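One letter stands for each residue in the lines below.
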Amino acid sequence: MKRWHWRYWPLKAKLLFLTLFTSTLGIVLVCASLIAVENQNYREQLESELHVIAGILAEQSAAALLFEDHEQLSSILSSLRKIETIKQACVFSASGTLMNSLYSSGDTDCPSLSEQPPVGFVGNYYRLSQPVTLYEDTVGYIYLISHLEVLKAHIQTFIFLAMGIGGLIQLILVFVAFRLQRLVSQPILELSRAAERISLAHDYTIRAPVYGKDELGRLGRTFNDMIGTIEQQNLRILESRDSLERTVEERTSQLSLANKELEAFSYSVSHDLRQPLRAIEGFGRALEEDCEDVLDDTGKDHLRRIRAASVRMAGLIDGLLVLSRVSRQPMESERLNLSEMLEEIAEELSDLSEPLPTELRIQPDIWVAGDGRMLRIAFQNLLENAWKYSAKESSRVIEVSATSDAGYITIAIQDNGVGFDMRYVDKLFVAFNRLHTPSEFGGTGIGLATVNRVILRHHGSISASSEVGKGARFAVCLPVPAADRLHSVESNS
Amino acid sequence: MDDYSILVVDDNPDDQVLTVRALKNASKNSPVIVLEDGQEALDFLFGDEKTASRRNLDTLGVILLDVKLPRVNGLEVLKHIRSSPLTNWMPVIMISSSDEPSELVEAYRLGANSYITKAIDYHEFTEQMTLLARYWLTVNKVPESGSVRKL
């Protein structure tokens, strides 16, 4: 049904409709006024004709009325039969007595003069009363009634004629308007078609045809200019995209080359650098065992230091390998219960370390999405750090809690250990930077760099805050996949 | 069971000495045969091209095979061992300096019985060798090579 609404009409139809509506209105108004004028004129003509007839009749019948000659009157009235508009004619004497009448029968009696019969256009008739005078004496009255059939027939004919001519003119106008609306609609339609083709095919070489120098011509030219600008810009975008793609390809191949080199490097590190260390350590031990009697305490101490250094270096190599592995390993993504993972890590830690009253509070059901192996490495490091740096307190308190906010989950690990000076917080996540001496706390200085790398690869962030002697707090912020956000909302509610 | 011998294939002389020392510590009576590379190991197991003769493998208890070897590497030797009916029953322990996951997976795919990353701490290394010798030479049973052939 809506298709019939004005705004869904095609432009052609609108133009045609407007033209025809205006012309029809004009024709109808002209015809109506012509008919009204004709009607008025004809009435006046009829009226004057009847007055003339009545005048003649009065003159002729004056003598007959005076002598009350009924026969004469009847013959005079009979002459009216030739005039077809006369419906009834009555002749009265001066005293008002009906003397003679034409077309009178029982139901259409002549009215009595004493009752002042109506005159003029009344109902479907025209009535007139004419006094008959002779030498300025009124000797009687003539009352004429004329029906208006002729008038009606005339006006009807006139209306038909006017409508016929109006219709004919309208037909001609339809034809002309149909031809003329093209002048306006054609350029607009072609412009619209061109715009449609451009937007469908994304072909900016298409141009709209331009007609004349009027507003429509200007519109077409402006449209074409605009498409020209878009074409140029599009070309430029395509060119820069191509060059960008080439650059990306180049970089990708460079990167994969660098990655391969890194892989080869770490392979040889893991094989070839460890072997001499093992030799140093092993032969140191052999020396210690075999030459126990020959070596004095200083010599034994030196040997111990050599062996300890090689073990420490092995730890460094291992740390670097883990760091390089978390950087280049392909990522997998799964939903993980971090709380369970932390509980497992904590269990391993409490198996290893010296007995110290430990209070470990891990918020249950912390769910994160990410690579299980990598996140395990990261959180193992964080928990180990918390464990390690709180080893010198009288009791150990570690708390892990999580808060969700706007698509991110923040996991905070708080300990009551020695903490660190916030002045050096920038060095915390850089490899080989340590904030404590090896004699205070052992470590390689690679752990937090590895954690940082893992969290960055998960598109998250990590921050630390502390005060010396009052423990440290590490906050890991990880994005939550959109699908999981719904889940967490459900479980919250 | 002490008379079962142990075959060690390792190219590094330091590691050879340390491994033998650790193994002797664990199982004093077991003879230890040391070979330097993969080709030597293949010759030992499947016969020399010149002599076309093969050692008697019946007394061989376990093979310790380094992954990274010159000429024919450890994984290829393992492949040969597993593809021959003469040797496919033998326990083969891959030993490596690295803990590269891809290498580990490949070793097990080719049928290694075990994979060990050589510990840098000598004490730990000796422990590894002791456990290994105890398990593969005393706890574990291997069929007589003759009976495998009959099957």
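Counting restarts for each chain: residues are numbered from 1 in the order of the written sequence. Lettering for chains starts from A, numbering for ligands starts from 1, and both go in the order in which the items are written. Residues qualify for local features only when their pLDDT is at least 70, as the model is predicted, and side-chain atom pairs are given and counted only at 80 or more; totals for whole chains, interfaces and linings, by contrast, use all residues. Values shown for side chains rest on all heavy atoms present in the structure; no hydrogens or waters enter the calculation.

### Structural notes on the overall build of chain A
Each helix and strand in chain A was counted, giving 9 helices and 12 strands. Classification of the 493 residues of chain A by burial places 35% in the buried group. When contacts within chain A are restricted to residue pairs at least 6 apart in sequence, long-range pairs at least 24 apart make up 64% of them. A 1.4 Å probe and the Shrake-Rupley method give the accessible areas. Residues count as covered only by the protein chains that appear here. Counting every atom, chain A has about 30200 Å² of accessible surface; 58% of that belongs to carbon and sulfur. Counting from the N terminus, the helices are DSSP H or I runs at least four residues long and the strands are E runs at least two residues long. Per-residue accessibility, obtained with a 1.4 Å probe over protein chains only, is compared with the maximum for each type, and a residue is labelled buried under 20%, exposed over 50%, and partly exposed between these values. Contacts: residue pairs with any heavy atoms within 4.5 Å of one another.

### Looking at the confidence of the model for chain A
Residue-level confidence of the predictor is summarised by pLDDT, bounded by 0 at the bottom and 100 at the top. Across chain A, the average pLDDT comes to 84, with 95% of residues at or above 70. Below a pLDDT of 50 lies the segment residues 489–493 of chain A, which in the model reaches 0 contacts outside its immediate sequence neighbourhood of four places, other chains included.

### Some thoughts on the pairing of strand β10 (residues 408–415) of chain A
Residues and elements named next belong to chain A. As judged from the 8 bridges shared by strand β9 (residues 396–405) and β10, these two strands associate in the antiparallel manner. In the sheet register, D405 faces β10, and the bridge partner there is Y408. Taking the residues that link successive antiparallel strands as the turn, the β9-β10 hairpin has 2 residues, and the phi of A406 there is positive, at about 45 degrees. In this structure, β10 lies alongside strand β12 (residues 472–479), joined through 7 bridges in antiparallel fashion. Among the inter-strand pairings, Q414 is bridged to a residue of β12, identified as R473. Two strands form a pair only when DSSP identifies at least two bridges running between them.

### Describing the sheet that holds strand β2 (residues 98–102) of chain A
The strands that make up a sheet are held in pairs by hydrogen bonds between backbone atoms, and each pair lies either parallel or antiparallel. Residues and elements named next belong to chain A. Strand order in the open sheet formed by 5 strands is β2-β1-β5-β4-β3, and the pairing between neighbours is antiparallel. Each edge of the sheet is formed by a strand with only one pairing partner; in this case those strands are β2 and β3 (120–122). Going from strand to strand, the sheet's axes swing by 20 degrees on average, the running direction of each strand aside. For strand β1 (residues 86–93) and β2, the ladder comprises 4 bridges, and the chain directions are antiparallel. The residue of β2 that forms the bridge with C90 is S101. Between N-to-C directions, angles span 0 to 180 degrees; the directions come from axes that are lines fitted to C-alpha atoms, helices contributing only their stretch in contact. Helix-sheet contacts for helix α1 (residues 11–66) involve β1, β2, β3, β4 (125–134) and β5 (137–147), and the interaxial angle to β4 is about 35 degrees.

### Here we look at the interface of chain B and chain A
Opposite the 22 residues of chain B that make contact, chain A presents 22 residues. A pair is scored as a salt bridge if a Lys or Arg side-chain nitrogen falls within 4 Å of a carboxyl oxygen belonging to Asp or Glu. The residue R278 of chain A makes a salt bridge to D15 of chain B at a minimum N-O spacing of 2.7 Å. Between N or O atoms, a polar contact is any pair within 3.5 Å; within protein, one atom must be a potential hydrogen donor and the other a potential acceptor, and residues adjacent in sequence are included only when both atoms are from side chains. For the interface between chain B and chain A, the tally reads 8 residue pairs in polar contact (both at pLDDT 80 or more). When residue character is reported, Ala, Val, Leu, Ile, Met, Phe, Trp, Tyr, Cys and Pro are called nonpolar, Asp, Glu, Lys and Arg charged, and the others, Gly included, polar. For the side of chain B that touches chain A, a count of residues per class yields 7 nonpolar, 6 polar and 9 charged.

### Re a positive patch on the surface
What makes a patch is a set of residues exposed beyond 30% relative accessible area and free of salt bridges, joined within 9 Å when like-charged and within 5 Å when nonpolar (Val, Leu, Ile, Met, Phe, Trp, Tyr). Neither His nor the chain termini are counted; the positive set is Lys and Arg, and the negative set is Asp and Glu. Positions of charges follow a simple convention, taking NZ of Lys, CZ of Arg, CG of Asp or CD of Glu. A surface patch of like charges, here positive, comprises K12, R179, R182 and R193 of chain A. Looking at the element boundaries, R182 of chain A is found in helix α3 (residues 149–201).

### Digging into helix α5 (residues 122–139) of chain B
Here, expected helix span is obtained from the residue count minus one, scaled by 1.5 Å. Given a rise of 1.5 Å per residue, 18 residues ought to cover 26 Å, and the 24 Å separating the end C-alpha atoms of α5 of chain B matches this to within 8%. For α5 of chain B, the elements touching its buried residues are α4 (215–290) of chain A together with β1 (5–9), α1 (13–26), β3 (60–66), β4 (92–96) and β5 (114–117) of chain B. Where α5 of chain B begins, the side chain of D121 of chain B points an oxygen toward the backbone nitrogen of H123 of chain B, at a separation of 2.9 Å.

### Here's the deal with the packing of aromatic side chains
All names here are of chain A. Within 6.5 Å between ring centres, the rings of Phe, Tyr and Trp (the latter by its six-membered ring) count as paired, and their orientation is classed by plane angle as stacked under 30 degrees, edge-to-face over 60, tilted in between. Following the criterion strictly, the structure yields 9 aromatic pairs over all chains and no others. On the numbers, 6.4 Å between centres and 45 degrees between planes, the contact of F420 with F474 is tilted. Placement of F420 in the loop between β10 and α8 (447–457) and of F474 in strand β12 is noted, with a sequence separation of 54 residues between them. Through pairs of rings, three or more aromatic residues link up here, namely W6, W9, F17 and F21. In this scheme, the term charge over a ring applies when either NZ of a lysine or CZ of an arginine sits within 6 Å of the ring centre and within 35 degrees of the ring normal. A cation sits over an aromatic face here: K14 above W6, 5.3 Å from the ring centre. The ring of F121 carries R43 above its face, with NZ or CZ at 4.7 Å from the centroid.

### Looking at a nonpolar patch on the surface
All names here are of chain A. A cluster of nonpolar side chains, namely L168, L171, I172, F175, V176, L180, L183, V184 and I188, defines an oily patch on the protein surface of about 860 Å² accessible area. Inspection of the secondary structure assignment puts L180 in helix α3. Using a relative accessible area of 48% as the deciding quantity, one classes L180 as partly exposed.

### Observations regarding the confidence of the model for chain B
Residue and element names in this part refer to chain B. This prediction gives chain B a mean pLDDT of 81; 87% of its residues lie at or above 70. Taking the mean pLDDT of every element in chain B, the minimum, 53, falls on helix α6 (residues 145–150) and the maximum, 91, on β4. Interface scoring of the predicted complex returns ipTM 0.74; its pTM is 0.52.

### Quick look at the sheet that holds β9 of chain A
All names here are of chain A. Taken in spatial order, the 5 strands make up an open sheet running β7-β9-β10-β12-β11, and their pairing is mixed. The open sheet is flanked by β7 (358–362) and β11 (461–466), the only strands paired with a single partner. The mean angle between the axes of side-by-side strands here comes to 15 degrees, regardless of whether they run parallel or antiparallel. Where β11 lies against β12, 6 bridges are found, and the strand directions are antiparallel. Paired with S463 across the two strands is A475, which belongs to β12.

### Here's the deal with the side chain of E103 of chain B
If you trace the backbone, E103 of chain B turns up in helix α4 (residues 101–109). No salt bridge is formed by the buried E103 of chain B; its nearest oppositely charged neighbour, K68 of chain B, is found at 8.1 Å. Side-chain polar atoms of E103 of chain B contact the side chain of Y115 of chain B, separated by 2.9 Å. Beyond its immediate chain neighbours, meaning those up to four positions away, E103 of chain B contacts Y267 and H271 of chain A together with V67, S96, S98 and Y115 of chain B.

### Describing helix α6 (residues 338–352) of chain A
Residues and elements named next belong to chain A. For α6, which comprises 15 residues, the first-to-last C-alpha distance of 21 Å matches the rise-based estimate of 21 Å (1.5 Å per residue) to within 8%. For α6, the set of buried residues is L338, S339, M341, L342, I345, A346 and L349. The buried residues of α6 occupy an angular sector of 155 degrees when projected down its axis, which confines them to one face. Of the exposed residues in α6, those oriented more than 90 degrees away from the buried face are E347 and D351. Packing partners of the buried residues in α6 comprise β6 (334–337), β7, β8 (367–370), α7 (372–389), β9 and β10. The N-terminus of α6 is capped by N337, whose side-chain oxygen sits 3.1 Å from the backbone nitrogen of S339. An arc is given here, and it is the one of the directions from the helix axis to the C-beta atoms.

### Considerations on the nonpolar core
All names here are of chain A. Residues grouped as a nonpolar core are buried Ala, Val, Leu, Ile, Met, Phe, Trp, Tyr and Cys residues, joined through side-chain atoms within 4.5 Å. V368, F379, L382, L383, I411 and F474 are the most contacted members of the largest nonpolar core, which totals 40 residues. Among the secondary structure elements, those contributing two or more residues to this core are α6, α7, β9, β10, α8, β11 and β12. Element by element, the count of residues in this core is highest for α7, at 8 residues.

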